[in-house]
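# Inside the fold
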Amino acid sequence: MPSARETLSGSIVPVVVLDDAGVAPDLVAALAAGGIDTVELTLRTPAGLDAIRSVAGSSSVIGAGTVLTVRQVEEVADAGAAFVVSPGFDDEVVQRSLELGLTVLPGIATPTELQRALKTGLRDVKLFPADRLGGLDMIRALSGPFPGVGFMPSGGVSPANARDYLGHPSVFAISGSWMVQRDLIARGDFDEIARLSAEAVALLAGAEA
Ligand SMILES: O=C[C@H](O)COP(=O)(O)O
Ligand SMILES: CC(=O)C(=O)O
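Residues numbered from 1 in each chain as written. Chains lettered and ligands numbered in written order. Predicted model: local features only at pLDDT ≥ 70, side-chain atom pairs only at ≥ 80, totals over all residues. Heavy atoms only, no water.

A tally of regular secondary structure across the chain gives 10 helices and nine strands. Over its C-alpha trace the chain gives a radius of gyration of 16 Å, about what one expects of a compact globule, namely 17 Å for 209 residues. Each of the 209 residues in the chain was classed as buried or not, and the buried ones make up 51%. Of the contacts made within the chain by residues no fewer than 6 positions apart, 60% connect residues no fewer than 24 positions apart. (Helix = DSSP H or I, 4+ residues; strand = E, 2+ residues; numbered from the N terminus. Rg over C-alpha atoms; globule rule 2.2 N^0.38 Å. Buried < 20%, exposed > 50% of the residue type's maximum accessible area, 1.4 Å probe, protein only. Contact = heavy atoms within 4.5 Å.)

What follows is about the environment of Leu184. Within the fold, Leu184 resides in helix 9 (residues 182–186). The exposure class assigned to Leu184 is buried, which follows from its relative accessible area of 7%. In this structure Leu184 touches Met179, Asp189, Glu192, Ile193 and Leu196, once residues within four positions along its chain are discounted.

Residue alternation in strand 9 (residues 173–176) divides its side chains into two sets, Ala173 and Ser175 and Ile174 and Gly176, and both sets are buried. Relative to strand 9, strand 1 (residues 11–16) runs parallel, the two being bridged by four bridges. Bridging from a neighbouring strand, Pro14 pairs with Gly176 of strand 9. (Pairing = 2+ DSSP bridges.)

What follows covers the site of ligand 1. Close contacts around ligand 1 come from Arg44, Lys126, Phe128, Ser154, Gly155, Gly156, Gly176 and Ser177, and that covers them all. The side chain of Ser177 places a nitrogen or oxygen atom 2.6 Å from an oxygen atom of ligand 1. Calculation on ligand 1 without its partners gives an accessible area of 300 Å², and the protein chains cover 76% of this total. Residue classes in the shell around ligand 1 are distributed as one nonpolar, five polar and two charged. (Near = heavy atom within 4 Å. Polar contact = N/O pair within 3.5 Å; in protein donor to acceptor, adjacent residues only side chain to side chain. Areas by Shrake-Rupley, 256 points an atom, 1.4 Å probe, with all protein chains shown as cover. Nonpolar A, V, L, I, M, F, W, Y, C, P; charged D, E, K, R; others polar.)

Before going further, it helps to spend a moment on the packing of helix 2 (residues 24–33) against helix 10 (residues 190–204). Direction vectors running N to C along helix 2 and helix 10 enclose 35°, while the axes themselves pass 7 Å from each other. In this structure, helix 2 meets helix 10 at a crossing whose hand is right-handed. Counted together, Asp26, Leu27, Ala30, Leu31 and Ala33 of helix 2 and Phe190, Ile193, Ala194 and Ser197 of helix 10 form the full contact between these two elements. Its residues assigned to classes, the contact of helix 2 with helix 10 comprises seven nonpolar, one polar and one charged. (Axes fitted to C-alpha atoms, helices over the stretch in contact; angles between N-to-C directions. Left-handed = near helix turned anticlockwise from the far one by under 90°.)

This part is about the sheet that holds strand 1. With parallel pairing, the six strands of this open sheet are ordered in space as 5-4-3-2-1-9. Lying at the two open borders of the sheet, with one neighbouring strand each, are strand 5 (103–105) and strand 9. When strand polarity is set aside, the average angle formed by the axes of neighbouring strands in this sheet is 25°.

The subject of this paragraph is the side chain of Ser86. Topologically, Ser86 is positioned in the loop between strand 4 (83–85) and helix 5 (91–99). Here the side chain of Ser86 touches Val67 through a polar contact of 2.7 Å, landing on its backbone oxygen.

Now for the pattern of salt bridges. Using the criterion set out here, one finds 13 salt bridges in the structure. We note a salt bridge from Arg96 to Glu74, for which the minimum N-O separation is 2.8 Å. Taken together, the residues span a long stretch of sequence, with Arg96 in helix 5 and Glu74 in helix 4 (residues 70–79) at a distance of 22 residues. The exposure class of Arg96 is partly exposed, given its relative accessible area of 24%. We classify Glu74 as partly exposed; its relative accessible area is 34%. (Salt bridge = Lys/Arg side-chain N within 4 Å of Asp/Glu carboxyl O.)

Below is the structure:
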């Protein structure tokens, strides 16, 4: 299966929490209209799994977020997710994802967790919550002893720091929720979601190292 850096290279990955699975097609379309064609639909609400199922066949790359258990890995695989993201590192979640041919991106917050991830054969991880862990300084620090590791920072990424993150050679993608805020989705403001997405894409154009 493709590595996370192959699947998500240069991407802005919106972290989506949906209360109503029925809005998933409009949401994915709005993100795509703004130039964002990779979407992480989380399992934080009961709507998450149905949402994944409803858009898995679209032209965007659809992944599952907040995947915490082996059973959830199996459910999102069945729903058609292309990738799996977790807030933390769980060996069984990673192994099952790999067995099912899913790109998997576990969260890590310490060098110890990163070493555990490397032991499974992964070379890419999510740094979560990136801002609380020191942001770019933390990525610089980890890149010393772990030079081949790719990071996707998540947590506190915003238009104010996204360019700096993606400009670091070890950062292959960034993730955040600023363009998919729950209130925007709740009031169906897909134009604003598309506008914020286009703004993010424009901001990051040329930022990759
Ligand atoms: O749950 C958090 C996600 O990683 C995104 O973080 P954010 O809401 O700070 O952008
Ligand atoms: C935060 C995160 O990584 C997740 O919900 O999957």
